[in-house]
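For reference, the chains in residue letters:
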Amino acid sequence: MTTLEIISPNGGEVYGVGIDTLINWKGVPYEDIISLEYSHDNGVNWNLITTEASKLQHVWTTPNIVSDNYLIRASQG
């Protein structure tokens, strides 16, 4: 069984605020719709990116919050 997994960004990247960033994942069929969230405080709080991501990728415009502690997570259903 394959597990839903973010493959990029996957750690160590540096982005400016307001930059379009491509999020890619694997482990689900191409047409499956997933939800994406981000945290700028190392997972203490989570913010919705979208509930309608599909095709194994989503373009996300980084928020106007400077932090070295960003995380992205994906979930189904």
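See the structure above.
Residues numbered from 1 in each chain as written. Predicted model: local features only at pLDDT ≥ 70, side-chain atom pairs only at ≥ 80, totals over all residues. Heavy atoms only, no water.

1. What about the pattern of salt bridges?
Taken as a whole and judged by the stated rule, the model has two salt bridges. In this structure, the salt-bridge partner of Lys 26 is Glu 5, at a minimum N-O distance of 3.9 Å. Placement of Lys 26 in strand E2 (residues 20-26) and of Glu 5 in strand E1 (residues 5-8) is noted, with a sequence separation of 21 residues between them. On the accessibility criterion, Lys 26 (40% relative accessible area) is partly exposed. Ionic pairing is found between Arg 73 and Glu 37, a salt bridge with its closest N-O pair at 2.8 Å. (Salt bridge = Lys/Arg side-chain N within 4 Å of Asp/Glu carboxyl O. Helix = DSSP H or I, 4+ residues; strand = E, 2+ residues; numbered from the N terminus. Buried < 20%, exposed > 50% of the residue type's maximum accessible area, 1.4 Å probe, protein only.)

2. Side note on the environment of Gly 12
With respect to the helices and strands, the residue Gly 12 is situated in the loop between E1 and E2. For the pair Gly 12 and Arg 73, spaced 61 residues apart in the sequence, the C-alpha separation amounts to 16 Å.

3. Concerning the packing of aromatic side chains
The description of two aromatic rings rests on the distance between their centres and on the angle between their planes. Enumeration according to the criterion identifies three aromatic pairs in this entry. One aromatic cluster in this structure is built from Tyr 38, Trp 60 and Tyr 70. The ring of Trp 46 has Arg 73 sitting right over it, with the charged end atom 4.0 Å from the ring centre. (Phe/Tyr/Trp six-rings, centres within 6.5 Å; stacked < 30°, edge-to-face > 60°. Lys NZ or Arg CZ within 6 Å of the ring centre and 35° of its normal.)

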